[in-house]
Amino acid sequence: MTEEQIALNHPMDAYLREDRIPHIWCSGCGLGTCLNTFLHALVKSKIDMKKTSIVSGIGCTGRVAGYVKLDSFHTTHGRPIPFATGLKLANPKLKVIVFSGDGDLISIGGNHFIHAARRNVDLTVICVNNFTYGMTGGQGGPTTPITARSATTPFGNFEFPFNLAYLAAGSGAVYVARWTMLDVRRLENSILHALNKKGFTFVEIISPCPTLYGRMNKLGNGLKMIKDYQKNTIINHKVDLKDAALGMDGKIVVGNFVDIQRPTFTEVLYDHIAKPQPNKKEDIPKEERKKIEHHA
Amino acid sequence: MLEVEKPVLTGSHFMNGDNACAEGALAAGCRFFAGYPITPATEVTERMSERLPLVGGVYIQMEDEIASMIAILGASWAGKRSMTATSGPGFSLMMENMGLGIMIETPCVLVNVQRGGPSTGLPTLVGQGDMMQARWGSHGPYEIIALCPSSPQEMFDLTIKAFNLSEEFRTPVLVMADEVVGHMSEKVVIPSPEKIKIHPRLKTKEKPEKYLPFKPNKNLVPPMANAGEGYHIHITGLTHDEKGYPVINAKTQQKLVKRLLDKIRLNRDKIIILEEDNVEGADVVVVSYGISARTAVLPIQQARKEGTKVGLLRLVTVWPFPEERIKALAKKVKAIVVPELNQGQISLVVERCAAGNAKVISVPHMGGETHDPKEILAAIKQAVKK
């Protein structure tokens, strides 16, 4: 391979819409690595790319769907999960991935997030958490740590943030993991596991926004922020998730936190209600109901 | 007892409008419904929850109407005919993603069984106050198709029509019903499946490498590829080019949005349905829609008995508005009377189209009940006075 070829090709070119590159992300942003890691997992999963859709909302992470060579849907702010729900339920043969940011999925889309997890709709949700609204200029949001500065918290943030992993687990997600974008191999394995697992699977990726969140909180450039991840990351798969909140102290508890089995919305709908029964109006048989309740 | 396995319940039924709407959807091939309970549209949702799973479809109760509206867009892109049903407060929440549906040209049907507003208003009582919201409620320039049923039979027929128009023009279509039409029970005749005209989805014949998802045909409508068919489509609510890629400039905005408007404006003759009774030679014409058009029948008969030449023009399609017909009519008649269960929404449009050629008399009503026929009769009498 000549030097020129090395410069011209990226190992993931086949899965990217090259005609949409260069991307919009700032230098030092973690999103490129998040996308690259996701694509590696996607390729390894051997999922049929023709039957795979990726859905985003609005924001910096919301641009991911548009760079990936799948069926890409860039929807409205906060709404990728209900759009994906319609897509998946209307054609259960599709693999549907939601890739969006913390503001999109957890603030304006928070209600959709908890309900999709509760229903256990068969979706893989990847949330890049950079603690801020990047696209609009670094405003505070539901993940901004207490005391952090942002464009709308000039005196420091005085709202307590959501702990996304705890929220996902409490809402009923069957798989919950959190990694920083520095942990590319562990992150890739988690995404791969999430893609191959039935039900509502959730991967949170902690990722730097040096241009806004980093600058306003004097955290240094992208490289410095990533070096801090290296220093502050604690792997603890068995942590009590309520103790895994993220604050300004820099400690980041990561791991594969939740991995359980529960029937999906589609399984319940088709297997227990829509399958041929002598009397369609009959209730779900007692043993069947017990099975479902046991899992729930 | 419901024959639950059949998608089309051929025969004569005594049925309320909401149930007839659900049956119309099923007969039109609807196999995905996302909704949220709200009076007076709940019966549509309940009927779908019972019927859809047994004909191989999916019913889902979403967390709110925002989610319901966008879930039906997702389902449509998966290749299913999809619908939601709501009333005023839910309709407000649906405006956001009705706009997305228009922008990404997604066939689907949105039913609004109108009640009295604003806000929570009169949940159980009739209104027609959302007619302008239907036209202008989502942000930015758009055109919409809205049908107004006047009976349970039309709740069935026009729901099928709405699905067909949504596929033909690749856009969300509204069924703007009202509480009285939704809740009244009447005879509803459901034809056999082979007699129901279904407009198929306009699918692309191009190969994936060559396909441009927003390149229009002669009708200004781009043929579709669904998700999962190997086309790797790119769909965005941002202003986009024919490839579907975002292009944020004035030129692309002009090209795209003009086409979105024109595909409805220039095809309005194919879309608009009007019902006219004794309009030729009339001095006064009552222009109305939905339940108000039915309330107008009695006073019109009374006025005719008393010697006034009065006709009825019923707007089955309210949007796009039949501007040419009203313009022409205004030149022939002395006055146009517009009864509606709001403070004069469609009457404003009639007035604009009449352009001073005929007197336009609004017969407003705050909602909560239908007009007293005497109010309409009084307006007709006032109209013929010099």
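All of these numbers come straight from a predicted model, not from anything done at the bench.

(A) Representation of the overall build of chain B within the structure. Secondary structure summary: chain B contains 14 helices and 16 strands in total. Relative to a compact globule of 386 residues, whose C-alpha radius of gyration would be 21 Å, chain B shows 21 Å and is just as compact. Residues classed as buried in chain B amount to 61% of the 386 residues present. In chain B, the proportion of contacts linking residues at least 24 apart, taken out of those at least 6 apart, comes to 77%. In the form shown here, chain B has an accessible surface area of approximately 14,400 Å², with 54% of it arising from carbon and sulfur atoms. Mean positive and mean negative side-chain charge positions of chain B (45 and 42 charges, respectively) differ by 8 Å.

(B) Focus on the domain arrangement of chain A. All names here are of chain A. If you check the domain split of chain A, you get domain 1 (3-262) and domain 2 (265-296). When each unit is reduced to the centre of its C-alpha atoms, the spacing between domain 1 and domain 2 is 34 Å. Domain 1 puts eight residues into the contact, and the matching count from domain 2 is six residues. When domain 1 packs against domain 2, the two sides together hide about 640 Å² of surface, and 57% of this comes from carbon and sulfur.

(C) Local environment of the domain arrangement of chain B. Residues and elements named next belong to chain B. The domain boundaries assigned to chain B delineate domain 1 (11-195) and domain 2 (274-384). Relative to domain 2, the C-alpha centre of domain 1 lies at a distance of 26 Å. Roughly 1,900 Å² is buried in total at the junction of domain 1 and domain 2, and carbon and sulfur atoms are behind 57% of that figure. The largest share of the area that domain 1 buries against domain 2 comes from Gln128, Met132 and Ser150, three residues that together contribute 31% of it. Taken together, the links from domain 1 to domain 2 amount to two salt bridges. Taking the shortest distance from any N to any O, the salt bridge between glutamate 186 and arginine 294 comes out at 2.6 Å. The tally of links between domain 1 and domain 2 comes to 18 residue pairs in polar contact (both at pLDDT 80 or more). Elements supplying a minimum of two residues to the side of domain 1 that touches domain 2: β6 (122-126), α5 (131-136), β7 (145-147), α6 (152-169) and α7 (179-183). The element best represented in the side of domain 1 that touches domain 2 is α5, accounting for four residues.

(D) How the structure looks around empty space enclosed by the protein. Going through the model one piece at a time under the given rule, you end up with two cavities of 30 Å³ or more. Forming the boundary of the largest cavity are Arg20(A), Gly62(A), Arg63(A), Gly66(A), His74(A), His234(B), Thr236(B), Leu238(B) and Pro246(B). By residue class, the composition of the lining of the largest cavity is two nonpolar, five polar and two charged. A volume near 30 Å³ is recorded for the second largest cavity. Lining the second largest cavity are Asn129(A), Phe131(A), Thr143(A), Pro145(A), Phe162(A) and Leu246(A). Within the lining of the second largest cavity, the residues separate by chemical class into four nonpolar, two polar and no charged.

(E) Representation of the interface of chain A and chain B. Taken together, the contact between chain A and chain B spans 39 residues of the former and 44 residues of the latter. In total, about 3,400 Å² of surface goes out of reach between chain A and chain B, with carbon and sulfur atoms giving 61% of it. Taken together, the connections running from chain A to chain B amount to three salt bridges. The residue Arg119(A) makes a salt bridge to Glu63(B) at a minimum N-O spacing of 2.6 Å. Linking chain A to chain B there are 21 residue pairs in polar contact (both at pLDDT 80 or more). Looking at the side of chain A that touches chain B, the element that brings in the most residues is helix α4 (residues 80-90) of chain A, giving seven residues. Each residue belonging to the side of chain A that touches chain B can be placed in one class, and the counts come to 14 nonpolar, 13 polar and 12 charged. The pairing of strand β2 (residues 71-74) of chain A with strand β10 (residues 234-236) of chain B spans three bridges and is classified as parallel. By the bridge assignment for β10(B), His74(A) is matched with Thr236(B).

(F) Fine view of the layout of surface pockets. All names here are of chain B. Reported here for the largest pocket is a volume of approximately 530 Å³. Gly99, Leu100, Met103, His139 and Gly237 are, among the 24 residues lining the largest pocket, the residues nearest its centre. For the lining of the largest pocket, the secondary-structure elements that each account for two or more residues are α4 (88-103) and α8 (250-265). Sorting elements by how many residues they give to the lining of the largest pocket places α4 first, with five residues. In the lining of the largest pocket, the residues fall into 10 nonpolar, 12 polar and two charged.

(G) Geometry of the sheet that holds strand β11 (residues 274-277) of chain B. Residues and elements named next belong to chain B. Strand order in the open sheet made by the five strands is β11-β13-β12-β15-β16, with mixed pairing throughout. Here the strands that pair on one side only, and so sit at the sheet edges, are β11 and β16 (359-363). Strand-to-strand twist in this sheet, taken as the mean axis angle between neighbours without regard to direction, amounts to 20 degrees. Taken together, the five bridges between strand β15 (residues 335-339) and β16 define a ladder with parallel strand orientation. Its bridge partner being in β16, proline 339 is matched across the sheet by valine 363. This element, helix α14 (residues 373-384), spans β12 (284-288), β13 (310-315), β15 and β16 of the sheet and lies at about 165 degrees to β16.

(H) Highlighting the state of the cysteines. Residues and elements named next belong to chain A. Tallying each qualifying case throughout the model produces zero disulfides over all chains. Not engaged in a disulfide, the cysteine cysteine 34 finds its nearest cysteine sulfur in cysteine 29; these two sulfurs lie 7.4 Å apart. Of the residues examined, cysteine 34 reaches a relative accessible area of 0% and is grouped as buried.

(I) Highlighting α4(B). Residues and elements named next belong to chain B. The terminal C-alpha atoms of α4, which comprises 16 residues, lie 23 Å apart, in line with the 22 Å expected from a rise of 1.5 Å per residue. Taking the largest bend as the criterion, α4 deviates by roughly 45 degrees, centred on methionine 95. Buried residues dominate α4, accounting for 12 of its 16 residues. Turning to α4, its buried residues number three or more, namely Gly88, Gly90, Phe91, Met94, Met95, Asn97, Met98, Gly99, Leu100, Gly101, Ile102 and Met103. Where α4 is buried, its residues meet α3 (65-77), β4 (81-86), β5 (108-116), α5, β8 (172-178) and α8. Glutamate 105 lies just past α4 and shows a positive phi near 50 degrees.

Cut-off values and rules
- Residues numbered from 1 in each chain as written.
- Chains lettered and ligands numbered in written order.
- Predicted model: local features only at pLDDT ≥ 70, side-chain atom pairs only at ≥ 80, totals over all residues.
- Heavy atoms only, no water.
- Helix = DSSP H or I, 4+ residues; strand = E, 2+ residues; numbered from the N terminus.
- Rg over C-alpha atoms; globule rule 2.2 N^0.38 Å.
- Buried < 20%, exposed > 50% of the residue type's maximum accessible area, 1.4 Å probe, protein only.
- Contact = heavy atoms within 4.5 Å.
- Areas by Shrake-Rupley, 256 points an atom, 1.4 Å probe, with all protein chains shown as cover.
- Lys, Arg positive; Asp, Glu negative; His and termini not counted.
- Charge placed at Lys NZ, Arg CZ, Asp CG, Glu CD.
- Domains from an automatic or database assignment.
- Buried area = accessible area lost by both parts, 1.4 Å probe.
- Salt bridge = Lys/Arg side-chain N within 4 Å of Asp/Glu carboxyl O.
- Polar contact = N/O pair within 3.5 Å; in protein donor to acceptor, adjacent residues only side chain to side chain.
- 1 Å grid on protein atoms, 1.4 Å probe; cavity = no way out; pocket = protein on both sides within 12 Å on 5 of 7 lines; lining within 4 Å.
- Points joined across faces, edges and corners; volume = space filled by probe spheres on them.
- Nonpolar A, V, L, I, M, F, W, Y, C, P; charged D, E, K, R; others polar.
- Pairing = 2+ DSSP bridges.
- Axes fitted to C-alpha atoms, helices over the stretch in contact; angles between N-to-C directions.
- Disulfide = S-S within 2.5 Å.
- Expected span 1.5 Å × (residues − 1).
- Bend = angle between axes of the 7 residues up to and from the residue.

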